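Descriptive structure summary
So you can see what is in the structure, the chains are spelled out below.
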Amino acid sequence: MLRERVANNVFVFTSELYAQVTAGAIITPAGAIVIDTLPYPVETRQIVQFIEERHGVPVRYVVNTHYHADHTYGTCFFKHARVVSHHLCYELLNTRGRESLARTRRSSRDMAEIRLVLPDIVFDEGVLSLHLGGTTLEMWHAPGHSPDSIICMVKEERILFAADTLMPLPFLADGNWEDYIGTLEDLLTRPFENVIQGHGEVILRGEVQEKVKEDLEYLRCIHDKISEMLRKGKDFDAVEQIEIEACGKSRIPLNGLVQQLHRTNVETLYQALKNQREEIEVSQPIAN
Ligand SMILES: [Zn+2]
């Protein structure tokens, strides 16, 4: 696990075991707030140790930015913390999360000790502000990557924990294209110092706008290309040929994993747009 200090009291932890997934910690005199956890117990335990032993404060809150396993599996290692999330995260953890954890525990000895923890503080719309030891963490709903995704901002430092809304390539297999565009457009209107992505490197102030614009271009590009192909009656084989570079992104980040994410994005969006077209075709004769 790599550890980086992004402000006096704000740390980022990056997994060396799974897809450069990140977690964060805000250390205050009244305790710590942890934003997401790492999937392998050995790495989350290092975060617990760093906060409790090196800084001598308890972890008071754990924020689950969304229900996906790579971000929530470590929640159970913060035994005395209260857990905060969007209400949809609670629902999804309690259904899909519960099922997938049962499968993971059966198949992986490393994961056998993980227990499901459901959030005990949930919110819906608007901004939830958490005040602790002179620091304010603001959270709001930011769907797109997943229905329950939220974004967190350390208000005093203007440091953004974007979770998987920002990663080297937008990933929408469990999300929604329109929501993703709306969430990214909203980010463009807000100034930040540093941005912590859900996976990959910290983005510095001068690079934030560029990064968000690039992600919007990528999402619009795959949408345009797939729509055009569907109009021309092309099938999935043709859509699969859309290269990641043709939409302005490199295939290198996350040790090449982005190439796989791109394939899944194209497949997901193809299905969604195809379904939309079929619904329109079915509804037309009735309208006539
Ligand atoms: Zn993730």
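Residues numbered from 1 in each chain as written. Predicted model: local features only at pLDDT ≥ 70, side-chain atom pairs only at ≥ 80, totals over all residues. Heavy atoms only, no water.

Quick notes on the sheet that holds strand S7 (residues 121–123)
Taken together, seven strands build an open sheet; the order of strands is S1-S2-S3-S4-S5-S6-S7 and the sheet is mixed. Unpaired on one side and paired on the other, strand S1 (2–7) and S7 mark the two borders of the sheet. When strand polarity is set aside, the average angle formed by the axes of neighbouring strands in this sheet is 20°. Strand contacts of helix H3 (residues 87–107): strand S6 (82–86) and S7, with the helix running at about 105° to S6, the strand carrying the most contacts. (Pairing = 2+ DSSP bridges. Helix = DSSP H or I, 4+ residues; strand = E, 2+ residues; numbered from the N terminus. Axes fitted to C-alpha atoms, helices over the stretch in contact; angles between N-to-C directions. Contact = heavy atoms within 4.5 Å.)

Structural notes on the pattern of salt bridges
When their charged atoms lie close together, side chains carrying opposite charge are able to pair. Using the criterion set out here, one finds 14 salt bridges in the structure. Note that Lys155 and Glu138 form a salt bridge whose closest N and O atoms lie 3.8 Å from each other. In this pair, Lys155 sits in the loop between strand S10 (150–154) and strand S11 (159–163) while Glu138 sits in strand S9 (residues 135–141), placing the two residues 17 residues apart along the sequence. Look at Lys155 and you get partly exposed, because its relative accessible area is 42%. Glu138 sits in the buried class, given a relative accessible area of 16%. For Asp215, the salt bridge goes to Lys211, with nearest N and O atoms at 3.0 Å. Remark: Lys211 and Asp215 occur in helix H5 (residues 205–231); sequence separation between them is four residues, near one turn of the helix. As far as burial versus exposure is concerned, Asp215 and Lys211 are alike and both buried. Each member of the salt-bridge network shares a partner with another, and the members are Lys211, Glu214, Asp215 and Lys249. (Salt bridge = Lys/Arg side-chain N within 4 Å of Asp/Glu carboxyl O. Buried < 20%, exposed > 50% of the residue type's maximum accessible area, 1.4 Å probe, protein only.)

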